[in-house]
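Remarks on the overall topology
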Amino acid sequence: MGTTGGGSVSRLSLARTAAMLLGAGQVAEEPEIRLPLDGPYEDGVHVGGDGRPVKRLRFPTAVEDTPLFWERPFEAAGSSTPKWCTVG
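Analysis parameters
Residues numbered from 1 in each chain as written. Predicted model: local features only at pLDDT ≥ 70, side-chain atom pairs only at ≥ 80, totals over all residues. Heavy atoms only, no water. Helix = DSSP H or I, 4+ residues; strand = E, 2+ residues; numbered from the N terminus. Rg over C-alpha atoms; globule rule 2.2 N^0.38 Å. Buried < 20%, exposed > 50% of the residue type's maximum accessible area, 1.4 Å probe, protein only. Contact = heavy atoms within 4.5 Å. Areas by Shrake-Rupley, 256 points an atom, 1.4 Å probe, with all protein chains shown as cover. Lys, Arg positive; Asp, Glu negative; His and termini not counted. Charge placed at Lys NZ, Arg CZ, Asp CG, Glu CD. 1 Å grid on protein atoms, 1.4 Å probe; cavity = no way out; pocket = protein on both sides within 12 Å on 5 of 7 lines; lining within 4 Å. Points joined across faces, edges and corners; volume = space filled by probe spheres on them. Patch = residues over 30% accessible without salt bridge, like charges linked within 9 Å, V, L, I, M, F, W, Y side chains within 5 Å. Salt bridge = Lys/Arg side-chain N within 4 Å of Asp/Glu carboxyl O. Polar contact = N/O pair within 3.5 Å; in protein donor to acceptor, adjacent residues only side chain to side chain.

Description of the overall build of the protein chain
Counting secondary structure elements, the protein chain contains one helix and two strands. Moving toward the C terminus, one meets the helices and strands of the protein chain in the order α-β-β. Radius of gyration (C-alpha) of the protein chain: 19 Å, far over the 12 Å computed for a compact globule of 88 residues. Taken across its 88 residues, the protein chain has 3% of its residues classed as buried. Taking as baseline every contact in the protein chain between residues at least 6 positions apart, the subset at least 24 positions apart corresponds to 15%. Within the structure as shown, the protein chain displays about 9100 Å² of accessible surface, and the carbon and sulfur contribution to it stands at 58%. Looking at charge distribution, the protein chain has the averaged site of its 9 positive side-chain charges lying 6 Å from that of its 11 negative ones.

Written out as structure tokens, the structure reads:
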């Protein structure tokens, strides 16, 4: 919503967007990610899926008046069984 209080509708073509991005040229090479990451971390320490204390990275964005949170503890990559979840 903008300052007028009204919404908007956009219709986009995935193929046209891809063509536009590809036509824009090369993207600069991304820096190498080295582990462990150096933050910025959330305040507090949480319990990981393996029972050890962990610090979580802060969310990269914020939504006004909406708290962001992790519903589940840390799990090792590839260890979760895929399944549908219902809300509510």
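Considering the layout of surface pockets
Space inside the largest pocket adds up to approximately 400 Å³. Forming the boundary of the largest pocket are 15 residues, of which Val 54, Lys 55, Arg 56, Leu 57 and Phe 74 lie nearest the centre.

So, helix α1 (residues 14–23)
Among the ten residues that make up α1, zero are buried, leaving the element largely open to the surroundings. Just beyond α1, the residue with positive phi is Gly 25, at close to 105°.

Considerations on a nonpolar patch on the surface
Residues Ile 33, Leu 35, Leu 37 and Leu 57 make up a contiguous nonpolar surface patch of about 410 Å² in total accessible area. With respect to the helices and strands, the residue Ile 33 is situated in the loop between α1 and β1 (46–47).

Some words on the environment of Pro 36
Position of Pro 36 relative to the elements: it lies in the loop between α1 and β1. The exposure class assigned to Pro 36 is exposed, which follows from its relative accessible area of 73%. Considering only alpha carbons, one finds Pro 36 and Ala 62, 26 residues apart in sequence, at a separation of 24 Å.

Quick look at the side chain of Glu 42
Mapped onto the fold, Glu 42 is located in the loop between α1 and β1. Among buried Asp, Glu, Lys and Arg side chains, Glu 42 stands out as unpaired, with Arg 56 the closest opposite charge at 4.6 Å. A distance of 3.2 Å separates a polar atom in the side chain of Glu 42 from a polar atom in the side chain of His 46. Dropping the residues within four chain positions of it, Glu 42 is found in contact with Lys 55, Arg 56, Leu 57, Arg 58, Phe 59 and Trp 70.

Keep in mind these numbers describe shape, not what the thing actually does.
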